[in-house]
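If you want the building blocks of each chain, they are given just below.
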Amino acid sequence: MSLSKTDYDIIVAGGGLAGLIVASSAAYYSNQRLKILVVDRNSIEIQGRKTISGWICGDAVGKNTVDYMTERIKIAWGQPEIEHPVKGVVAFSPDHETKVSFDGEGYILNRKQLPQKQIREANKLGVETMSNIVVRQLITDNNYVVGIEGENSNTKEIFKKTAKVVVDCTGVTSVLRTNLPIKSFIQRRIDRNDLEATGRYIYDFDNEGVEDKTFFDPDYCIIHLDQNLAPGGYGWVFPKGKNKVNIGLGVQQRLFDKANKKIGKKRDLKKLIDEYVNLNPAISNPRLSTGEEDIGNEWGTWQVSVRRQNDCMVANGYMMVGDSAWMPKPLDAGGIGPAIIAATIAGKDLVQAIESNDVSESGLWSYNKNFINEYGYKTAGLEVFRRMLQQLDNEQINYGMKHFLSKMDVEKITNGEHPEFSTVSKLGMMIRGALNKKLAEDLKFTSKMNEELVTHYRNYPEGPEGFPEWSSKLNKYLTEAFARFSS
Ligand SMILES: Cc1cc2nc3c(=O)[nH]c(=O)nc-3n(C[C@H](O)[C@H](O)[C@H](O)COP(=O)(O)OP(=O)(O)OC[C@H]3O[C@@H](n4cnc5c(N)ncnc54)[C@H](O)[C@@H]3O)c2cc1C
């Protein structure tokens, strides 16, 4: 197929958080020269909805990443899509004795309202948006992706359009990635242990009961680390106002099954979340939010990936942005920040590739490189760290947070980086207990492994030719690290 005859320059499949930013960014950087279409399976009033039960998310994002977008493509978010500002995130140890504050200022978004704002911004930039289009597969020609095929869920008509590049923003369950029909370095499938099962409520509540800022704080997002409450994950209490909260948790299914077995119970995720809410003394009389802005979004579960981003995110005529590329941060499953960064970058790189008439894997490669330089360089190290944390018990987490985290480590975490744990080496013989000594050794290992991985990612190949060698070296590092934390 000749590229000059396509219906569009760019088709973005999935008009959620990432998709609408990619489209706006490409429109911005091309001065609206390109013909861009965004399709979503939802109707416009429910744009961006992830699943039948809603826009399931913790809704928290760092101000720095929103600023990143605003500075570059001049899109600013305000009310009502920003529902509540916060001063930072505080993580509590299982015994609530140690708290670690990190991440700086941020926002709690309203994910139902945000896409409405995003559509208006995209349309203003000349982007065309179509609703009720369920994308089922990619159209290919001569080992290139050249379009999408699906169905209009209203009319049941077949929908088929071609483009120079298809950007896959259909989220974590992307069938386009899983069934990618051309030769590519993209990893199609995710290991199920790299997915967290998560769920949350949006509740109004009375707070005249106990005031305990380890359980609710209108100014801070609270994270509870606790292997009993949230095996292999964590619980969160994110304020949406003085009497409104996004409260939920995520678990690794394998560890959850193991925990259930240990206590001889068959709790499901909802039961676990209900227990977590009931245990919270600061949230009394919780009831599902009745605000118009939350209707259809008060409760739900969904999944989120906690691995490094896909090792390669482009193929001939195709690229992935956001959850379809497994971008959420391995440590906390924060996917909005990396999606904003990646989408902003992708728009710019797409324009360059299209305007230089090279939408091959090679022509789109700069997006891999630029995202890794900006953000992705740290995710493999954080994935190793996440695996290490998942195998700890509560006593070890209590001990580790109390004794092993220096001020510098917290600063590193604040910047989204892997901590160095330099205190651990200094403590040496003073560390009490065999398990804690093992923990100290593991922390030193992850810290060293992280350094090597960051260096390796800083040497991400300039083009596809260098990828096989780079990837094989990456896998050597990861095989060693994963073997150590495989329990
Ligand atoms: C419970 C939970 C809590 C979370 N908490 C946070 C948090 O507090 N902070 C944070 O940063 N991140 C959080 N995340 C992650 C964050 O929500 C995601 O990273 C983010 O939504 C990714 O955006 P996206 O646009 O890539 O994908 P999505 O938001 O999943 O959007 C995908 C879009 O594609 C459309 N689509 C899908 N399939 C098709 C198809 N076949 N045809 C047409 N359209 C399709 C959907 O309708 C949707 O509009 C959380 C995730 C979960 C599940």
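Residues numbered from 1 in each chain as written. Predicted model: local features only at pLDDT ≥ 70, side-chain atom pairs only at ≥ 80, totals over all residues. Heavy atoms only, no water.

**A closer look at the overall build of the protein chain**
Of regular secondary structure, the protein chain possesses 14 helices and 19 strands. Relative to a compact globule of 487 residues, whose C-alpha radius of gyration would be 23 Å, the protein chain shows 22 Å and is just as compact. For the protein chain, long-range pairs separated by at least 24 residues make up 74% of all intrachain contacts whose partners lie at least 6 apart in sequence. By element, 50% of the accessible surface of the protein chain is carried by carbon and sulfur atoms, the whole surface being about 20100 Å². Placing the 62 positive and 62 negative side-chain charges of the protein chain at their respective mean positions leaves the two points 3 Å apart. (Helix = DSSP H or I, 4+ residues; strand = E, 2+ residues; numbered from the N terminus. Rg over C-alpha atoms; globule rule 2.2 N^0.38 Å. Contact = heavy atoms within 4.5 Å. Areas by Shrake-Rupley, 256 points an atom, 1.4 Å probe, with all protein chains shown as cover. Lys, Arg positive; Asp, Glu negative; His and termini not counted. Charge placed at Lys NZ, Arg CZ, Asp CG, Glu CD.)

**Remarks on the site of the ligand**
Near the ligand lie 35 residues; those nearest to it are Asp40, Lys50, Gly58, Ala60 and Asp323. Here an oxygen atom of the ligand sits 3.0 Å away from a polar atom, N or O, in the side chain of Asn42. Between an oxygen atom of the ligand and a side-chain N or O atom of Asp323, the distance comes to 2.6 Å. When the free accessible area of the ligand is taken as 1000 Å², the share hidden by the protein chains comes to 95%. Of all elements in the fold, only α1 (17-29), β9 (133-141), β14 (234-239) and β17 (299-305) reach the threshold of two or more residues within the shell around the ligand. (Near = heavy atom within 4 Å. Polar contact = N/O pair within 3.5 Å; in protein donor to acceptor, adjacent residues only side chain to side chain.)

**Considerations on the environment of Trp326**
If you trace the backbone, Trp326 turns up in the loop between β19 (318-320) and α7 (336-355). The spacing of Trp326 and Lys117 is 209 residues in sequence and 25 Å in space, taken between C-alpha atoms. Ignoring any residue separated from it by four or fewer positions in sequence, one finds Trp326 in contact with Arg177, Gln187, Arg188, Arg189, Ile190, Ser305, Arg307, Arg308, Gln309 and Asn310.

**Quick look at the pairing of strand β2 (residues 36-39)**
Side chains Ile36 and Val38 project from β2 onto one buried face, and the interleaved Leu37 and Val39 project onto a second face that is buried too. With α1 bridging strand β1 (residues 8-13) and the parallel β2, this β-α-β connection has right-handed handedness. Pairing of β2 with strand β8 (residues 128-130), which is carried by three bridges, proceeds in the parallel orientation. Within the sheet, the bridge partner assigned to Leu37 lies in β8 and is Glu128. (Buried < 20%, exposed > 50% of the residue type's maximum accessible area, 1.4 Å probe, protein only. Right-handed = clockwise from strand over helix to strand, strands pointing away. Pairing = 2+ DSSP bridges.)

**Section: the nonpolar core**
Grouped together as the largest cluster of nonpolar side chains are 121 residues, with contacts concentrated most on Trp77, Val167, Val321 and Tyr367. Tallying contributions element by element places α7 first for this core, with twelve residues. Ignoring any residue separated from it by four or fewer positions in sequence, one finds Val321 in contact with Ala18, Val22, Val167, Asp168, Cys169, Met327, Ala339, Ala342, Ala343, Ala346 and Tyr367. Listed in part, the 22 residues of the second largest apolar core include Phe205, Phe216, Val251 and Ile283. (Core = buried A, V, L, I, M, F, W, Y, C linked by side-chain atoms within 4.5 Å.)

**Considerations on the pattern of salt bridges**
Tallied over the full model, the rule gives 31 salt bridges. Note that Lys448 and Glu452 form a salt bridge whose closest N and O atoms lie 2.8 Å from each other. Of the two residues, Lys448 and Glu452 are both situated in helix α13 (residues 434-458); the distance of four residues between them amounts to about one turn of the helix. The exposure class assigned to Glu452 is partly exposed, which follows from its relative accessible area of 26%. Via salt bridges that share partners, Asp194, Arg307, Arg308, Asp311, Glu383, Arg386 and Arg387 belong to a single interconnected network. (Salt bridge = Lys/Arg side-chain N within 4 Å of Asp/Glu carboxyl O.)

**Quick notes on the sheet that holds strand β3 (residues 60-62)**
Strand pairing in a sheet relies on backbone hydrogen bonds, with the paired strands running either antiparallel or parallel. Spatial strand order, β3-β7-β4: three strands in an open sheet with antiparallel pairing. Only two strands of the sheet have a single partner each, and these edge strands are β3 and β4 (82-86). Neighbour-to-neighbour, the strand axes of the sheet open up by a mean angle of 30 degrees, direction not taken into account. By the bridge criterion, four bridges tie β4 to strand β7 (residues 106-109) in an arrangement that is antiparallel. Of the residues in β7, the one forming a bridge with Ile82 is Leu109. (Axes fitted to C-alpha atoms, helices over the stretch in contact; angles between N-to-C directions.)

**Considerations on the domain arrangement of the protein chain**
Each assigned domain of the protein chain is listed here: domain 1 (3-57 + 111-190 + 307-374), domain 2 (192-305) and domain 3 (378-484). A C-alpha centroid distance of 30 Å is found between domain 1 and domain 2. Domain 1 puts 19 residues into the contact, and the matching count from domain 2 is 19 residues. Surface buried jointly by domain 1 and domain 2 totals about 1700 Å² across both partners, of which 56% is contributed by carbon and sulfur atoms. Looking only at domain 1, the three residues that lose the most surface to domain 2 are Ile56, Lys112 and Ile190, adding up to 30% of its buried area. Linking domain 1 to domain 2 there are zero salt bridges. Joining domain 1 to domain 2, the criterion identifies seven residue pairs in polar contact (both at pLDDT 80 or more). (Domains from an automatic or database assignment. Buried area = accessible area lost by both parts, 1.4 Å probe.)

**Thoughts on the environment of Val384**
Tracing the backbone shows Val384 in helix α9 (residues 379-390). The exposure class of Val384 is buried, given its relative accessible area of 1%. Remark: the alpha-carbon pair of Val384 and Pro330, spanning 54 residues in sequence, is separated by 8.6 Å. Not counting chain neighbours up to four residues away, the residues in contact with Val384 comprise Thr446, Met449, Leu453, Leu478, Ala481, Phe482 and Phe485.

**Description of the packing of α1 against α7**
Across the interface, α1 lies against α7 with an axial gap of 7 Å and an inter-helix angle of 35 degrees. Considering the relative orientation of α1 and α7, their crossing is right-handed. For the pair α1 and α7, the contacting residues are Leu17, Ala18, Ile21, Val22, Ser25, Ala26 and Tyr29 in the first and Ile336, Ala339, Ile340, Ala343, Thr344, Ala346, Gly347, Lys348, Leu350 and Val351 in the second. Grouping the constituent residues of the contact of α1 with α7 by class yields 13 nonpolar, three polar and one charged. (Left-handed = near helix turned anticlockwise from the far one by under 90°. Nonpolar A, V, L, I, M, F, W, Y, C, P; charged D, E, K, R; others polar.)

**A short note on the side chain of Ser289**
Mapped onto the secondary structure, Ser289 falls in the loop between β16 (284-288) and β17. A distance of 2.6 Å separates a polar atom in the side chain of Ser289 from a polar atom in the side chain of Asp294. If we skip the residues at most four places from it in the chain, Ser289 touches Ile202, Tyr203, Asp204, Lys244, Asp294 and Glu298.

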